[in-house]
Amino acid sequence: QVQLVESGGGSVQAGGSLRLSCAASGDIFSIYAMGWHRQAPGKQRELVAIISRAGSSNYADSVKGRFTISRDNAKNSVYLQMNSLKPEDTAAYYCNVESSRTGVSGRWSTWGQGTQVTVSS
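To keep things clear, this report deals only with the structure shown in the data block.

Rules used in this analysis
- Residues numbered from 1 in each chain as written.
- Predicted model: local features only at pLDDT ≥ 70, side-chain atom pairs only at ≥ 80, totals over all residues.
- Heavy atoms only, no water.
- Helix = DSSP H or I, 4+ residues; strand = E, 2+ residues; numbered from the N terminus.
- Rg over C-alpha atoms; globule rule 2.2 N^0.38 Å.
- Buried < 20%, exposed > 50% of the residue type's maximum accessible area, 1.4 Å probe, protein only.
- Contact = heavy atoms within 4.5 Å.
- Areas by Shrake-Rupley, 256 points an atom, 1.4 Å probe, with all protein chains shown as cover.
- Lys, Arg positive; Asp, Glu negative; His and termini not counted.
- Charge placed at Lys NZ, Arg CZ, Asp CG, Glu CD.
- Phe/Tyr/Trp six-rings, centres within 6.5 Å; stacked < 30°, edge-to-face > 60°.
- Lys NZ or Arg CZ within 6 Å of the ring centre and 35° of its normal.
- Salt bridge = Lys/Arg side-chain N within 4 Å of Asp/Glu carboxyl O.

A few points about the overall build of the protein
Check the secondary structure of the protein and you find zero helices and eleven strands. Shown N-terminal to C-terminal, the secondary structure of the protein runs as helices and strands in the order β-β-β-β-β-β-β-β-β-β-β. Against the 2.2 N^0.38 benchmark of 14 Å for 121 residues, the protein shows a C-alpha radius of gyration of 14 Å, consistent with a compact globule. On the principal axes, the C-alpha backbone points of the protein span a range of 50 × 25 × 20 Å. Going through the 121 residues of the protein one by one, you find that 41% of them count as buried. Contacts in the protein between residues at least 24 apart in sequence constitute 56% of all its contacts with a sequence separation of at least 6. When the accessible surface of the protein is split by element, carbon and sulfur atoms take 47% of a total near 6300 Å². Within the protein, one finds 12 positive and 8 negative side-chain charges whose respective centroids are separated by 2 Å.

So, the packing of aromatic side chains
Geometrically, a pair of aromatic rings is defined through the distance of the ring centres and the angle of the planes. This model, assessed by the stated rule, comprises zero aromatic pairs. Here the guanidinium or amino end of arginine 45 rests over the ring plane of tyrosine 94, the centre of that ring lying 3.7 Å away. The residue whose ring lies beneath arginine 107 is tyrosine 32, and the NZ or CZ to ring-centre distance is 3.6 Å.

Describing the pattern of salt bridges
Inspection of every chain in the model, using the stated rule, returns five salt bridges. With a shortest N-O distance of 2.7 Å, glutamate 46 and arginine 38 are connected by a salt bridge. With relative accessibility at 5%, the residue arginine 38 sits in the buried group. Salt-bridge contacts for aspartate 89 lead to arginine 38; the nearest nitrogen and oxygen are separated by 3.0 Å. Residue aspartate 89 is located in the loop between strand 8 (77–82) and strand 9 (91–101), and its partner arginine 38 is located in strand 4 (residues 30–39); the two are separated by 51 residues in the primary sequence. Classification of aspartate 89 by relative accessible area gives buried; the value is 1%. One continuous salt-bridge network, built from bridges that share partners, spans Arg38, Glu46, Arg66 and Asp89.

Structure follows, in structure tokens:
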């Protein structure tokens, strides 16, 4: 079992910044891709940003230039720095981690519980 603990959500005015954190723990041999997704009320969950173990990253067009994803492999953690926030960024943000387990073949995808980000105009 892998557990993800997210933190850093909250309420902010448009133009402000927030930093989300997600720490993985449990039965982990290696962590591969780590990412952030978000889901606004009445909408489908969408990918915000993803980062590989080597550090290459990709972003949704809507957040390019404003959000930065990073990771600390030693801490099994991933971060999302969100700047110039807009009301349309309001959503529940979910961490997602792809990992393998000691002595077991295959990879598993684990989701965090979500952290709310609310941006007011």
